[in-house]
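Breakdown of the fold
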Amino acid sequence: MSKLSTSSSEIDLDRPNIEDYLPSGSIQEPRGKLRLRDLLDISPTLTEAAGAIVDDSFTRCFKSIPPEPWNWNVYLFPLWCLGVVVRYGFLFPLRVLVLTIGWIIFLSCYFPVHTLLKGNDKLRKKLERGLVELICSFFVASWTGVIKYHGPRPSMRPRQVFVTNHTSMIDFIVLEQMTAFAVIMQKHPGWVGLLQSTILESLGCIWFNRSESKDRGIVARKLREHVEGADNNPLLIFPEGTCVNNHYSVMFKKGAFELGCTVCPIAIKYNKIFVDAFWNSRKQSFTTHLLQLMTSWTVVCDVWYLEPQNLKPGETPIEFAERVRDIISVRAGLKKVPWDGYLKYSRPSPKHRERKQESFAESVLRRLEEK
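Residues numbered from 1 in each chain as written. Predicted model: local features only at pLDDT ≥ 70, side-chain atom pairs only at ≥ 80, totals over all residues. Heavy atoms only, no water.

Going by what an unreviewed UniProt entry lists, the protein chain is known as Glycerol-3-phosphate acyltransferase 3 and is assigned to Olea europaea subsp. europaea. As its UniProt record puts it under Pathway (unreviewed entry), the protein chain is described as follows: "Lipid metabolism." UniProt, in its Subcellular location (unreviewed entry) section for the protein chain, records the words "Membrane". (UniProt positions renumbered as here; feature names shortened; annotations may be inferred.)

Now the structure itself:
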């Protein structure tokens, strides 16, 4: 109960005090006149709506916070111009060369291994894992990435699943260069989708489409089959279901927490001093996002492999998910908010709207009876 009260207090702190934003005249009106404060007191629904207008904590989870400008005077502006020349004229071509060499090495080794060693699955899978880790290392090198890993490296064991907060698709690359995970991910179009259906398919990755409701049952079945296999790659899940800006943590989906296996939390925190690693898929393609990283100075990131967790007696999967979210949020310094990340892609359900309408109607009727 103490944990629940702590979580609710954190949520309350994140909510704005509406009275702070009301004009003084709306609070101290003469007797007999309708005050704005009275209007807000009619229903919590109106208070929530006013709070959303003043300070929308949901939208803030998916906004990139721009850095403070520092090239504002005659002394700093030449240095900024020099930095632009170095980043775009020297570092970017060098990084493109590094990534090109990486792809040449990877493709010249991967396809012969994948086709010629089909009779020896154990050796083929081992080499494929190593090659995927290699190409991910080249990707990190193309950003001049400075990645610090804390804690023991994940190992291949049955009945375990890894979960982490989600900022960008590069989360997968950052983790994959250390351990070849099988990941659950949204099916993407373009060259990313081509990689998903060819190279990453060999790792046992599971793809889905948010718009297809039948995919949920298929994914749940594949999840259970994968965690039971002793020789399968460690399974990585992003339970938030969408990219969040690395300042907040939205609700975790319960699918990873009702498999009856050990859950291993991973916390990822990016340092925004050089570049914001958050990927807003609604505003830019992943290719544009990669170019942004490759034209920055560096990508700085910390990764913590945290203590494995198991479902406690009497604990529901939803409570288990919230407990793991607490652990990750504290370690990565993220602020918890009570939002479902899928609302980013869809409208609230009709049932939810009907419940809000009924609550509002009951509040108005109760207020009228009191008058």
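**Some points on helix α9 (residues 190–197)**
For α9, the set of buried residues is V192, G193 and Q196. End-on view of α9: buried residues confined to an arc of 100°, all on one side of the axis. On its buried face, α9 is in contact with β3 (182–186), β4 (206–208) and α11 (286–294). (Buried < 20%, exposed > 50% of the residue type's maximum accessible area, 1.4 Å probe, protein only. Helix = DSSP H or I, 4+ residues; strand = E, 2+ residues; numbered from the N terminus. Arc of directions from axis to C-beta. Contact = heavy atoms within 4.5 Å.)

**Examining the sheet that holds β3**
Pairing within the open sheet is mixed, and its seven strands lie in the order β1-β8-β7-β2-β5-β3-β4. Only two strands of the sheet have a single neighbouring strand rather than two, namely β1 (146–150) and β4. Within this sheet the neighbouring strands show an average axis-to-axis angle of 20°, counted without direction. Here three bridges tie strand β2 (residues 160–164) to strand β5 (residues 235–237), and the two strands are oriented parallel to one another. Counterpart to F162 in the pairing with β5 is L236. (Pairing = 2+ DSSP bridges. Axes fitted to C-alpha atoms, helices over the stretch in contact; angles between N-to-C directions.)

**A look at the pairing of β2**
With five of five residues buried, β2 is to be regarded as a mostly interior element. Across the two faces of β2 the burial is the same, with Q160, F162 and T164 and V161 and V163 all buried. Across five bridges, β2 lies against strand β7 (residues 262–271) in parallel orientation. Within β7, the position partnered with V161 by the bridge is V263.

**Focus on the packing of helix α6 (residues 76–116) against helix α7 (residues 121–142)**
The N-to-C vectors of α6 and α7 enclose an angle of 170°; their axes lie 9 Å apart at closest approach. With respect to their mutual orientation, α6 and α7 come out roughly antiparallel. Contacts from R95, V98, L99, G102, W103, I105, F106, C109, Y110, V113 and H114 of α6 reach α7 at R124, L127, E128, L131, V132, L134, I135, F138, F139, A141 and S142. (Parallel < 35°, antiparallel > 145°, perpendicular 65-115°, else oblique.)

**Comments concerning the pattern of salt bridges**
Summed over all chains, the structure comprises eight salt bridges. The shortest N-O distance in the salt bridge between E133 and R153 comes to 3.7 Å. Here E133 is found in helix α7, whereas its partner R153 is found in the loop between β1 and β2, with 20 residues between them in sequence. Classification of E133 by relative accessible area gives buried; the value is 18%. Put simply, R325 and E322 hold a salt bridge, and the shortest N to O gap is 3.1 Å. Placement of both R325 and E322 in helix α12 (residues 317–332) is noted, with a separation of three residues, approximately one turn of the helix. With a relative accessible area of 3%, R325 lands in the buried category. Linked by salt bridges that have partners in common, E322, R325, D326 and K336 make up one network. (Salt bridge = Lys/Arg side-chain N within 4 Å of Asp/Glu carboxyl O.)

**Section: the UniProt feature "transmembrane region" (unreviewed entry) in the protein chain**
Mapped onto this numbering, the UniProt entry annotates "transmembrane region" (unreviewed entry) at residues 72–90, 96–117 and 129–149. Overall, residues 129–149 shows 67% helix and 19% strand. The separation of its end C-alpha atoms is 19 Å.

**Quick look at the nonpolar core**
In this structure, W143, I266 and V303 are the most contacted members of the largest nonpolar core, which totals 49 residues. Going through the elements one at a time, α6, α7, α8 (170–176), β3, β7, α11 and β8 (300–305) are the ones with two or more residues in this core. The dominant element in this core, judged by the number of residues it contributes, is α7, at seven residues. Those residues within four positions of I266 in sequence are excluded, and the remaining contacts are F162, V163, T164, N165, L175, F181, L236, V303, W304, Y305 and I328. If you look at the next biggest cluster of nonpolar residues, it comprises 26 residues, including A182, F208, I237 and I328. (Core = buried A, V, L, I, M, F, W, Y, C linked by side-chain atoms within 4.5 Å.)

**With respect to the side chain of R129**
Among the secondary structure elements, R129 is positioned in helix α7. Buried and unpaired, R129 has no salt bridge, with E133 as the nearest side chain of opposite charge at 6.0 Å. Those residues within four positions of R129 in sequence are excluded, and the remaining contacts are M156, A180, L203 and N233. (Lys, Arg positive; Asp, Glu negative; His and termini not counted.)

**Observations concerning a nonpolar patch on the surface**
A contiguous nonpolar surface patch, about 510 Å² in accessible area, is contributed by F90, L94, L97, I101, I105 and L134. Ranked by residue count, the leading element in the nonpolar patch is α6, at five residues. Note on placement: F90 falls in helix α6. Here F90 falls in the exposed class, since its relative accessible area comes to 52%. (Patch = residues over 30% accessible without salt bridge, like charges linked within 9 Å, V, L, I, M, F, W, Y side chains within 5 Å. Areas by Shrake-Rupley, 256 points an atom, 1.4 Å probe, with all protein chains shown as cover.)

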